[in-house]
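Spelled out, the chains give:
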Amino acid sequence: MKVLDADFAKGFIHLCESGFKRGWHERNGGNLSYRIKPDEVERISEELNEKGPFLPIGTKVQELAGEYFMVTGSGKYFGNVPLEPENNIAIIQIDQSGENCQIKWGLCNGGVPTSELPSHLMNHNVKKRVTDGSYRVIYHCHATNIIALTFVLPLKDEIFTRELWEAATECPVVFPSGVGVVKWMIPGGREIALETSKRMEEYDVVIWAHHGLFCSGEDFDQAFGLADTVEKAAEILVKTLSMVSQKRQTIQPEGFRQLARAFQVDLPEKFLYEK
Ligand code: 2HA
Ligand code: ZN
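Below you will find a few notes about this structure. (Residues numbered from 1 in each chain as written. Chains lettered and ligands numbered in written order. Predicted model: local features only at pLDDT ≥ 70, side-chain atom pairs only at ≥ 80, totals over all residues. Heavy atoms only, no water.)

### Considering the pattern of salt bridges
Filter applied, for reference: Any carboxyl oxygen of Asp or Glu that lies within 4 Å of a side-chain nitrogen of Lys or Arg is treated as forming a salt bridge with it. Only runs of H or I of at least four residues qualify as helices and only runs of E of at least two qualify as strands under DSSP, and these elements are numbered from the N terminus. Exposure classes here rest on a 1.4 Å probe applied to the protein chains alone. A residue is buried below 20% of its type maximum, exposed above 50%, and partly exposed in between.
What the rule picks out here adds up to 21 salt bridges. With its nearest N and O atoms 3.3 Å apart, the salt bridge here joins Lys239 to Glu235. Taken together, the positions of Lys239 and Glu235, both in helix 9 (residues 220-243) and 4 residues apart, correspond to about one turn of that helix. Looking at Lys239, the relative accessible area reads 48%, which means it is partly exposed. Several salt bridges converge on common partners, so that one network encompasses Arg162, Glu163, Glu166, Lys247 and Lys275.

### Thoughts on the pairing of strand 6 (residues 137-141)
Cut-off, in case you're wondering: Strand pairing is assigned whenever DSSP detects at least two bridges linking the two strands.
Strand 6 sits mainly inside the fold: 5 of its 5 residues count as buried. Neither face of strand 6 is open: one carries Val137, Tyr139 and Cys141, the other Ile138 and His140, and all of them are buried. Of the strand pairs in this sheet, strand 1 (residues 31-35) and strand 6 are connected by 4 bridges, and their pairing is antiparallel. Among the inter-strand pairings, Leu32 is bridged to a residue of strand 6, identified as Tyr139. In this sheet, strand 9 (residues 212-217) lies alongside strand 6 in antiparallel orientation, the contact comprising 5 bridges. Each residue of the ladder has a partner; that of His140, found in strand 9, is Phe214.

### Topic: the site of ligand 1
Rules: In these notes, residues near a molecule or strand are those with any non-hydrogen atom within 4 Å of it. Polar contacts, as counted here, are pairs of nitrogen or oxygen atoms within 3.5 Å of one another; within protein the pair requires one atom able to donate a hydrogen and one able to accept it, and residues that are adjacent in sequence qualify only if both atoms are side-chain atoms. The method behind every accessible area is Shrake-Rupley, applied with a 1.4 Å probe, and residues are considered shielded solely by the protein chains displayed.
Taken together, the residues surrounding ligand 1 are Asn28, Gly29, Gly30, Asn31, Glu116, His140, His142 and His211. Interatomic distance of 3.3 Å between a side-chain N/O atom of His140 and an oxygen atom of ligand 1. A distance of 2.9 Å separates an oxygen atom of ligand 1 from a polar atom in the side chain of His142. Protein contacts shield 85% of the accessible area of ligand 1, which totals 220 Å² for the unbound molecule.

### Structural notes on the side chain of Asn125
Mapping Asn125 onto the fold places it in helix 4 (residues 117-130). Residue class for Asn125 comes out buried when judged on its relative accessible area of 15%. At 3.2 Å, the side chain of Asn125 forms a polar contact with the side chain of Glu63.

### A closer look at the coordination of the zinc ion (ligand 2)
Using the following cut-off: Only nitrogen, oxygen and sulfur atoms qualify as donors, provided they sit within 2.8 Å of the metal or within 3.2 Å for Na, K and Ca; with water excluded from the atoms, sites may seem incomplete.
Every protein donor of the zinc ion (ligand 2) is accounted for by His140 (NE2), His142 (NE2) and His211 (NE2), and the metal-donor separations fall at 2.0 to 2.1 Å. Here the donor residues of the zinc ion (ligand 2) are spaced in sequence according to H-x1-H-x68-H. Across the pair, His142 and His140 agree in class, each one buried.

### Examining the layout of surface pockets
What counts here: Definitions used throughout: a 1 Å grid over protein atoms alone; a cavity as a set of points that fits a 1.4 Å probe which cannot get out; a pocket as an open set with protein on both sides within 12 Å along at least five of seven lines; a lining residue as one with an atom within 4 Å of a point. Grid points are joined across faces, edges and corners, and a volume is the space filled by probe spheres set on the points. When residues are grouped by polarity, Ala, Val, Leu, Ile, Met, Phe, Trp, Tyr, Cys and Pro land in nonpolar, Asp, Glu, Lys and Arg in charged, and all others, Gly among them, in polar.
Here the largest pocket is characterised by a volume of approximately 340 Å³. Lining of the largest pocket is provided by 16 residues; of these, Glu163, Glu166, Gln246, Lys247 and Lys275 occupy positions nearest its centre. Top contributing element to the lining of the largest pocket by residue count: helix 6 (residues 157-167), with 3 residues. Across the lining of the largest pocket, the residue classes tally to 5 nonpolar, 5 polar and 6 charged.

Put into structure tokens, the structure is as follows:
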């Protein structure tokens, strides 16, 4: 089977197109990775190269040794992925040391995996462990309103979570564990990857101050839907804060507790503080 005929490749490309249309991927902004299932690897094996140089990942992800990922290419534009997928995305395999990867397919005109590979793989490492392998997608985008809020709200998990939850009733149901926030750091390296992956132990969403967000999920719809929901809430909050400095009314802690019972979600009390 051809890689581009596989359902996971179609889902990957569809997400790139959806994110680009939302305006979250200016120029080469954002990146995406998918941990490919063993039976999916099997079905496309005819198209996978045997050899290629080993590229250092920039961190160590021992638990991912041998795993295959579909990833966007460094410097490549999301908007071009649907037009020429084989030039803009790649399939890589992690070596046995967990420190290098090898390109097995794609990036046909040259190139290397996303500059945020350390963050993607360290997040996958955490999510594979804490979800018993069910999470397969890590998605990074430059969602406009979330970035705007990082100039205004204190950079605290509790505050971002509560404010986003209050912005739309569906939010606590869609991301009941909350969102993590990482202060401004240099992107692309192990340090920011470590800070992000620590928060992925607890959250499915991590916001990078003045930069964007990382979302995780079982599949493409879940990861993209999560980013979409978080960004929509951020847009409502930006509009609200643009109209008034203080909300006249909002959802109260007791309202969230009722919501938790009605929708059978666990909402940690640390987010339901009295203001
Ligand atoms: O350019 O988004 O964080 C890709 C990025 C880096
Ligand atoms: Zn970025």
